[in-house]
Amino acid sequence: MTYSDFLKFLITGLVKNPDAIEINETEDTLWVLLTLKIAKEDMGNVIGKDGKTVNALRTILRVVGSKDNK
C-alpha cells in the first residue's frame with residue numbers, strides 16, 4: 001500500500017463526497033510529499049476543530065513514513 005492509498009483510506013471516512021478526493025504523491029529519497037484536494041464542503045471535517053483532525057492525520061502519516069525512513 002502506498003502513502004497516498006493509506007491517506008485516501010483515512011480521508012474517505014471523514015468526507016461526504018469521497019469521489020472528489022484527489023491525492024498527488026511526490027517521493028524523493030528522504031521524504032514524501034502528499035497533496036490532498038477535496039470538495040470545499042468537506043474541508044471543515046478534514047481540518048477539524050482548531051485543526052486537531054488534520055494534525056492527527058499528519059502524525060499518523062509521520063509514524064507510517066518513519067517506518068520507511070521517509
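The structure reproduced in this document is the subject of the present report. (Residues numbered from 1 in each chain as written. Predicted model: local features only at pLDDT ≥ 70, side-chain atom pairs only at ≥ 80, totals over all residues. Heavy atoms only, no water.)

1. Comments concerning the pattern of salt bridges
(1) Moving on: Evaluated as defined, the whole model comprises one salt bridge.
(2) Moving on: In this structure, the salt-bridge partner of K70 is E27, at a minimum N-O distance of 3.1 Å. Taken together, the residues K70 in the segment after α3 (52-67) and E27 in strand β1 (residues 22-27) connect sequence positions 43 residues apart.
(3) Moving on: We classify K70 as partly exposed; its relative accessible area is 31%. (Salt bridge = Lys/Arg side-chain N within 4 Å of Asp/Glu carboxyl O. Helix = DSSP H or I, 4+ residues; strand = E, 2+ residues; numbered from the N terminus. Buried < 20%, exposed > 50% of the residue type's maximum accessible area, 1.4 Å probe, protein only.)

2. Things to note about the nonpolar core
(1) Moving on: By size, the foremost hydrophobic cluster in this structure holds nine residues: F6, L7, I11, V15, I21, I38, V46, L57 and L61.
(2) Moving on: Mapped by element, the contributors of at least two residues to this core are α1 (3-12) and α3.
(3) Moving on: Tallying contributions element by element places α1 first for this core, with three residues.
(4) Moving on: Not counting the four nearest positions on each side in its chain, F6 is found in contact with M1, I60, L61 and V64. (Core = buried A, V, L, I, M, F, W, Y, C linked by side-chain atoms within 4.5 Å. Contact = heavy atoms within 4.5 Å.)

3. Looking at the side chain of D42
(1) Moving on: Along the polypeptide, D42 turns up in the loop between β2 (32-37) and α2 (43-47).
(2) Moving on: For D42, which is buried and forms no salt bridge, the nearest opposite charge comes from K16, at a distance of 6.1 Å.
(3) Moving on: Among all residues touching D42, those that are not within four sequence positions of it are V15, K16 and N17. (Lys, Arg positive; Asp, Glu negative; His and termini not counted.)

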